[in-house]
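Breakdown of the fold
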Amino acid sequence: QVQLVESGGGLVQVGGSLRLSCAASGRTFSSYTMGWFRQAPGKGRDLVAAITWSDGNTWYADSVKGRFTISRDNAKNTVYLQMNSLKPEDTAVYCCAASSSYIGAYYRAGFYDYWGQGTRVTVSS
């Protein structure tokens, strides 16, 4: 059974940094696409960044380009989201997701088969 466990959320001041981790288990993920989504209070769930496990291709939402970096550690089966220059509008619950597909609508939540429970990020001003 696939498990995705996020960690690293918390409270940070504007301009600060956090690194989120998503530990994946229960499957060989070499052909998977991994995504980080976020959901702010009263809003929908949006893709922040995605990465293909096999070759490390990445995609970012325009709102985080240049500030966030997604990466993966194959040996640890872990995906990271490094978040720098955080803004109040980055406040949300961040969820890790895994898709068994390599190509497709990676920006849609429905593309993903498995989800973590989420970790909360609060950026205070």
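Details of the structure are given in the entry above.
As a starting point, this report considers the structure included with it. Computed from a prediction, not measured in an experiment: that's the story for all the values here.

Within the chain, the regular secondary structure consists of 0 helices and 11 strands. Listed by position from the N terminus, the elements making up the chain come as β-β-β-β-β-β-β-β-β-β-β. Here the chain has a C-alpha radius of gyration of 13 Å; the compact-globule value for 125 residues is 14 Å, and the two agree. With 125 residues in all, the chain has 42% of them scored as buried. Here the contacts in the chain between residues at least 6 apart in sequence split such that 58% fall between residues at least 24 apart. As displayed, the chain has an accessible area near 6,300 Å², and 45% of this comes from carbon and sulfur atoms. Of note, the chain has its 12 positive side-chain charges centred 2 Å away from the centre of its 8 negative side-chain charges.

A separate point is the sheet that holds strand E1 (residues 3–7). The strand order E1-E3-E8-E7 describes an open sheet built from 4 strands, whose pairing is antiparallel. The open sheet terminates on both sides in strands that have one partner only, identified here as E1 and strand E7 (68–73). Looking at each pair of strands side by side, their axes are set apart by 15 degrees on average, direction ignored. Here 6 bridges tie E7 to strand E8 (residues 78–83), and the two strands are oriented antiparallel to one another. Within E8, the position partnered with Thr69 by the bridge is Gln82.

This part covers the state of the cysteines. According to the stated counting rule, one finds 1 disulfide in the structure shown. Across the disulfide from Cys22 sits Cys96; the S-S distance is 2.0 Å. Across the disulfide from Cys22 to Cys96, rotation about the S-S bond amounts to roughly -75 degrees, and the bridge is consequently left-handed. Taken as a pair, Cys22 in strand E3 (residues 18–25) and Cys96 in strand E9 (residues 92–99) lie far apart in primary sequence, 74 residues in all. Cys96 carries the same exposure label as Cys22, and that label is buried. In this structure Cys95 is a free cysteine whose sulfur lies 8.6 Å from that of Cys96, the closest cysteine sulfur available. Taking relative accessible area as the criterion, Cys95 reaches 12% and is therefore assigned buried.

A word on the nonpolar core. When a protein is soluble and globular, its nonpolar side chains tend to lie buried together. In terms of nonpolar packing, the biggest core is built from 30 residues, with Met34, Trp36, Leu81, Met83 and Tyr94 touching the most fellow members. Put simply, the parts of the chain that give this core at least two residues each are E3, strand E4 (33–39), strand E5 (45–52), E7, E8, E9 and strand E11 (119–124). Among all residues touching Tyr94, those that are not within four sequence positions of it are Glu6, Leu20, Trp36, Phe37, Arg38, Val48, Phe68, Leu81, Met83, Gly118, Thr119 and Val121. Counting residues in each nonpolar core, the second largest holds 6 residues, with Ala50, Ala97, Phe111 and Tyr112 among its members.

Okay, the pattern of salt bridges next. What the rule picks out here adds up to 3 salt bridges. A salt bridge links Asp90 to Arg38; the nearest nitrogen and oxygen atoms lie 2.9 Å apart. With a gap of 52 residues between them, Asp90 in the loop between E8 and E9 and Arg38 in strand E4 connect regions that are remote in the sequence. One exposure class covers both Asp90 and Arg38, and it is buried. Overlapping salt bridges bring together Arg38, Arg67 and Asp90 as one network.

Rules of the game
- Along each chain, residue indices are assigned from 1 in the same order as the chain's sequence is written.
- Only residues with pLDDT of at least 70 are given local features in this predicted model, and only at 80 or more are side-chain atom pairs given and counted; all residues enter the totals for whole chains, interfaces and linings.
- Calculation of side-chain values draws on the structure's entire complement of heavy atoms; hydrogens and water are dropped beforehand.
- To qualify as a helix, a DSSP run of H or I must reach at least 4 residues; to qualify as a strand, a run of E must reach at least 2; elements of each kind are numbered from the N terminus.
- The globule rule is 2.2 Å times the number of residues to the power 0.38, and the radius of gyration it is compared with is taken over C-alpha atoms.
- Between buried and exposed lies partly exposed: a residue is buried under 20% and exposed over 50% of the maximum accessible area for its type, with that area taken using a 1.4 Å probe on protein chains only.
- Note on definitions: a residue-residue contact is assigned when non-hydrogen atoms from the two residues lie within 4.5 Å.
- Only the protein chains shown count as covering a residue, and every accessible area follows the Shrake-Rupley method with a 1.4 Å probe.
- His is not counted, nor are the chain ends; Lys and Arg add positive charge and Asp and Glu add negative charge.
- To locate a charge, the coordinates of NZ of Lys, CZ of Arg, CG of Asp or CD of Glu are taken.
- Here, a strand pair is defined by DSSP locating no fewer than two bridges between the strands.
- Axis lines are fitted to C-alpha atoms, over the contacting stretch for helices. Their N-to-C directions set the angle, which ranges from 0 to 180 degrees.
- Sulfur atoms of two cysteines make up a disulfide when they are within 2.5 Å.
- Take the buried Ala, Val, Leu, Ile, Met, Phe, Trp, Tyr and Cys residues and link them wherever side-chain atoms come within 4.5 Å; each set so joined is a nonpolar core.
- For salt bridges, the criterion is a side-chain nitrogen of Lys or Arg within 4 Å of an Asp or Glu carboxyl oxygen.

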